[in-house]
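Structural features, examined
Listed below, chain by chain, are the residues.
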Amino acid sequence: MRSVILQTATRLMVGLIMIFAFYLLLRGHHEPGGGFAAALVAGTGFALFAIAEGPAKVRAAVRLRPTLIGMPGLAIAALSGMPAVLAGKPYLTGIWWRLGDAGGGALTIGTPLFFDIGVFLAVLGAILSIILGLEEH
Amino acid sequence: MDGEQAQRDDSDMAASSSAKHGADTARAGLYTAVLPLGLLIGLVYCWPAVAVGEVLRLSWPWIPAIDLHLQFRIDGLALLFGLIVSGAGVMVTLYSAGYMAGHPRTGRYFFFLHGFMLSMMGIVTADNLLLLFVFWEGTTVFSYLLIGFDNESSTARDNARQALLVTGAGGLALLIGILLLKTAGGSYTISQWMADDNGIRAHGLYPFILVMVLLGAFTKSAQFPFHFWLPNAMSAPTPISAFLHAATMVKAGIYLLMRFHPLLGGTTAWMCTLVIVGGITAVWSALQAFGPLDMKRVLAFTTTMALGMMTMFLGGRTAPVLTAAATFLLVHALYKAALFLAVGIIDHEAGTRRLDRLGGLGRAMPLTALAVAAAAFSMAGFPLFFGFIGKEIMYKAALAEDMFPLFATVAAVLANALMVAVAAVVLLKPFAGRRPAALPAVHDPPWTMWLGPVALGLPTIVFGIFPEWVSGQLIEQAVWAFHPAREEVVLKLWHGFNIPLLLSAVTLSLGAVIFGLRHPLGRLMTGIEARLPLSAGGTYDTGLQLFLKSAKATTNKLQNGSLHFYLTIVLLVLVAAVAWPWMQRGVLTIAWPDPADHFSALGVVVVIALGTAVVLVAKNRLMAIGGLGAVGAGVALVFLMFGAPDIALTQLLIETLTLIIVSLVLLRLPPLEAAKKRRTYRRVMDGALALGAGWVMTSLLLGVLQHPLDRSLTAFFAGQSYLAAHGRNIVNVILVDFRALDTFGEITVVVLAAWAGVSLIRKTKEPS
């Protein structure tokens, strides 16, 4: 059963949902959000897409197999702990770099950001594989 | 029957060897001989130092907290074993390249083979008991993979599992023994045992340590009553049998007994157990060798016999007795590996290794016949062969045993006489006599395959003529490594006319008689084995079946597939586990909060209650799911009101996703009306349980609130979050920084759970 209303609305919504997920992922360190919440939002977006257009379209849009999203996510999270080891600190200690110091608006980027991206990908891969598996059933 | 099955599988493999494909991987396998060759060269390089009594040590820390260090030590004993392992490793690897050519899984084969060899090298060179245990388990796992290498044959799988269970259980016993040893004041470091006698023998834990260590050694070295797994393990490819069961794996138990000898040996318990168990194993397996027709199985029984002899001699504590064990170790490794490899050649060339189908191959494959002749003469203990030296020292040792010298001597003579007959069978039956018409044309194999038997057969003659050299350069230091008294060790060809020489003559004549009676003896043994009321192998089978049955019964009872049942159990346990101790302690003070303080929350509570009511009365699933959604959203609102926006956000998102997933699953189930037929009293019981669980949780939370909260953690995170971790969102900072390792564990679980879930979904799809 395909609903034209749902399909049209979805086409508008999915992009926004993905942008919102990305926004949640980046803001997580200071405001409510983070990799886990962002993955849930993105997963919900893909679920909506799958309900409206069918799982085949979702697979075509994602291109990668869900496992190939989740596993690299785990790998990124694991690797984000390595800079600390190289610096002689315990594994997964946060290491921070300051980029550009103009007018006090320095951007600090740290390994926890990459860890969070790893969390995002791992959880998103898990959600996608379950939802697509069930939809195709 | 096992033998026939294994026979067919192996000859299938041999038949496919003409196939071109896979030849390249076999050639690559040939080059992997570099690994054992390198180890061999390294050991030979260390040899001169070790031969004059030096001990070479290496050490790196691994896990210092539990006293586990990568400590290695090369002394005489490690050198003797190491030379056997790496030397046989070179031969077996070269041989396998020819034997396995064309097999589709050659890469895996060589990986397992070298993995096994490295584990074995690890055992004999480890200077730390925990490290030794790690390698010990390595040999168990790799031998499991190698015995079950032909994984499409159910016999091979069963035999592999049998070997794994028996030796794995022994490994656990060994670990217990090692830990007890530490408790009793011993050290994990082997080098320290030799330095001082720390009174383990007098300690109250000594009997337990002894039992556990002996269990480990006896299971690995297939001593009675754990002997049954070794002949079955012959379902491995033949070069593997040669390596695992003649030269290395089963010798690990012997190695263990030698290593522990200075620490645990010499007591009455040690001597009685080893002499009796070893003697029984030796004679019983030598007798059994006459039953089967499969040459590999015959050889397997003679291996168990040899292990029994070594165990028996390790029961002594004087230099001649221990020398007998160490010498026979080398004698046996040489002739047995050569014989196994030769059997592999026969099987490969003639397509069978059944004694009744072979004959007259001597002229067609002279090199193989010569190698087998050298090995068989050594096995029978003819003068000028190394086996003779081994046998002479054995008789000298048996007469000098501290415990039961008469029993030891009789057992040694009997077992050796039986060996003479078996050696004659193994040499004469395939190579002499008339050739059966059914046999195909055969010839000697390529050099990689005949090199092994010939290179292993040659030393049996050289060492047999110049035993002084091998005893001075190799055996003496090996014995001294576990014999701190350091009595002189000499092997000689000619000792003069004495009792051992007389016994040797008796052995050869008795062997000739037994050879003449081999057919009735074989029939007798088969008959006896069939009529034994209780056999070790049968006990294993019964035990395994009982275990599997009880596991199945338990699983069917507990995991019966009813979600209702699971939930009932979980909630019952929750209610009982919380309510029972609480009532016992009698501190059930609950202060109801004043509704006026949380007026706005009351509205949310009403929403949640209404949602719950909808779920209960819903006539279809969609309605029920909607009701659940309302409950979840209400809970999220509560979080938001009390200042936890992160948790509220996550709760809301989870709720949404759950709704989607649940509707995908539940809407496919049969209509809800079918479920309504549950009997009234069941519904009442379920309701009571639900109310009970709710009551327990509510009162628990209200009770907790009566106590002041410890806010020191909150203060720490609030203070450090921005300063140490550059983040203002404490929840997220905890997740990705302070407690990142926990989070990593959690996302690993998430990914694996999804993987498992998808497999389950796929599996349910198949029938439809």
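In this text, all values refer to a predicted model and were calculated from it rather than measured experimentally. (Residues numbered from 1 in each chain as written. Chains lettered and ligands numbered in written order. Predicted model: local features only at pLDDT ≥ 70, side-chain atom pairs only at ≥ 80, totals over all residues. Heavy atoms only, no water.)

Some points on the overall build of chain B
Looking only at helices and strands, chain B features 31 helices and two strands. On C-alpha atoms alone, chain B measures out to a radius of gyration of 34 Å, which is more than a quarter above the 27 Å that the 2.2 N^0.38 rule sets for 768 residues. When its C-alpha atoms are laid out on the principal axes, chain B stretches across 110 × 65 × 55 Å. Counting the 768 residues in chain B, one finds 51% classified as buried. Treating the 51 positive side-chain charges of chain B as one cloud and the 41 negative ones as another, the clouds have centres 9 Å apart. (Helix = DSSP H or I, 4+ residues; strand = E, 2+ residues; numbered from the N terminus. Rg over C-alpha atoms; globule rule 2.2 N^0.38 Å. Buried < 20%, exposed > 50% of the residue type's maximum accessible area, 1.4 Å probe, protein only. Lys, Arg positive; Asp, Glu negative; His and termini not counted. Charge placed at Lys NZ, Arg CZ, Asp CG, Glu CD.)

Overview of the environment of A242 of chain B
By the element assignment, A242 of chain B lies in helix α11 (residues 238-247). Apart from the residues within four sequence positions on either side, A242 of chain B is in contact with A247, A337, F340 and L341 of chain B. (Contact = heavy atoms within 4.5 Å.)

Concerning the packing of helix α25 (residues 599-617) of chain B against helix α26 (residues 621-641) of chain B
All names here are of chain B. Contact geometry for α25 and α26: axes closest at 7 Å, N-to-C directions at 160°. One way to sum up the angle between α25 and α26 is to call them roughly antiparallel. When the axes of α25 and α26 are compared, the crossing they make is left-handed. In this structure, α25 uses S600, A601, V604, V607, I608, G611, T612, V614 and V615 to contact α26, whose residues at the interface are M623, A624, G627, L628, A630, V631, G634, V635, L637, V638 and M641. (Axes fitted to C-alpha atoms, helices over the stretch in contact; angles between N-to-C directions. Parallel < 35°, antiparallel > 145°, perpendicular 65-115°, else oblique. Left-handed = near helix turned anticlockwise from the far one by under 90°.)

Quick word on the interface of chain B and chain A
Listed as interface residues are 39 residues of chain B and, on the opposing side, 43 residues of chain A. With both chains or domains summed, chain B and chain A bury close to 3,500 Å², and 76% of this area falls on carbon and sulfur atoms. There are zero salt bridges connecting chain B and chain A. Viewed at the interface, chain A and chain B are joined by eight residue pairs in polar contact (both at pLDDT 80 or more). Contributions of two or more residues to the side of chain B that touches chain A are made by α27 (645-666), α29 (712-725), α30 (730-738) and α31 (740-765) of chain B. Take the side of chain B that touches chain A: its biggest share by element is 15 residues, from α31 of chain B. A class-by-class count of the residues in the side of chain B that touches chain A yields 24 nonpolar, 10 polar and five charged. (Buried area = accessible area lost by both parts, 1.4 Å probe. Salt bridge = Lys/Arg side-chain N within 4 Å of Asp/Glu carboxyl O. Polar contact = N/O pair within 3.5 Å; in protein donor to acceptor, adjacent residues only side chain to side chain. Nonpolar A, V, L, I, M, F, W, Y, C, P; charged D, E, K, R; others polar.)

Examining the UniProt feature "transmembrane region" (unreviewed entry) in chain A
All names here are of chain A. On the UniProt side, "transmembrane region" (unreviewed entry) is annotated at positions that read residues 12-30, 36-56, 68-92 and 112-134 here. Between the C-alpha atoms that bound residues 36-56 there is a distance of 25 Å. The span itself is 95% helix and 0% strand. Its end C-alpha atoms 23 Å apart, residues 68-92 is made of 68% helix and 0% strand. (UniProt positions renumbered as here; feature names shortened; annotations may be inferred.)

Notes on the domain arrangement of chain B
By the assigned domains, chain B splits into domain 1 (2-545), domain 2 (573-707) and domain 3 (711-768). Distance from the C-alpha centre of domain 2 of chain B to the C-alpha centre of domain 3 of chain B: 24 Å. (Domains from an automatic or database assignment.)

Brief notes about the nonpolar core
Core analysis: the biggest nonpolar cluster contains 186 residues, and W229, L264, M309, F313 and L330 of chain B have the highest contact counts within it. If we skip the residues at most four places from it in the chain, M309 of chain B touches G278, A282, F328, M394, A412, A415 and N416 of chain B. (Core = buried A, V, L, I, M, F, W, Y, C linked by side-chain atoms within 4.5 Å.)

Some remarks on unusual backbone geometry
With an omega dihedral of 0°, the bond running from F224 of chain B to P225 of chain B counts as a cis peptide bond. Looking at the element boundaries, P225 of chain B is found in the loop between α9 (206-220) and α10 (229-232). Even without being a glycine, R63 of chain A presents a positive backbone phi close to 70°. As for its placement among the helices and strands, R63 of chain A is situated in the loop between α3 (55-62) and α4 (67-79). Classification of R63 of chain A by relative accessible area gives exposed; the value is 76%. Backbone geometry at L92 of chain A places phi at a positive 75°, although glycine is not the residue there. Note on placement: L92 of chain A falls in the loop between α5 (82-86) and β1 (96-99). According to the relative accessible area criterion, L92 of chain A is buried, its value standing at 9%.

Regarding the confidence of the model for chain B
When the pLDDT values of chain B are averaged, the result is 84; 94% of them are 70 or greater. pLDDT under 50 marks residues 1-22 of chain B. Its contacts with residues more than four places away, or in other chains, come to 40 contacts. (pLDDT = per-residue confidence, 0-100.)

Let's talk about the pattern of salt bridges
Residue and element names in this part refer to chain B. Tallied over the full model, the rule gives 13 salt bridges over all chains. Among the ionic pairs, R73 bridges to D75, the shortest N-O distance being 3.0 Å. Each member of the pair R73 and D75 is classed as buried. A salt bridge links R739 to D742; the shortest N-O distance between them is 3.5 Å. Here R739 falls in the partly exposed class, since its relative accessible area comes to 45%.

As for the packing of helix α7 (residues 154-183) of chain B against α9 of chain B
Residue and element names in this part refer to chain B. At their nearest, the axes of α7 and α9 sit 7 Å apart, and the two run at 150° to each other. Relative to α9, α7 is oriented roughly antiparallel. Like other packed secondary-structure pairs, α7 and α9 cross with a definite hand, here left-handed. Contacts between α7 and α9 pair V166, T167, G170, A173, L174, I176, G177, L180 and L181 from the former with F208, I209, M212, V213, L215, G216, T219 and K220 from the latter.

Notes on the UniProt feature "domain: MrpA C-terminal/MbhE" (unreviewed entry) in chain B
With numbering aligned to this structure, UniProt lists the feature "domain: MrpA C-terminal/MbhE" (unreviewed entry) at residues 682-764 of chain B. Counting secondary structure, residues 682-764 of chain B comes out at 87% helix and 0% strand; the distance between its end C-alpha atoms is 30 Å.

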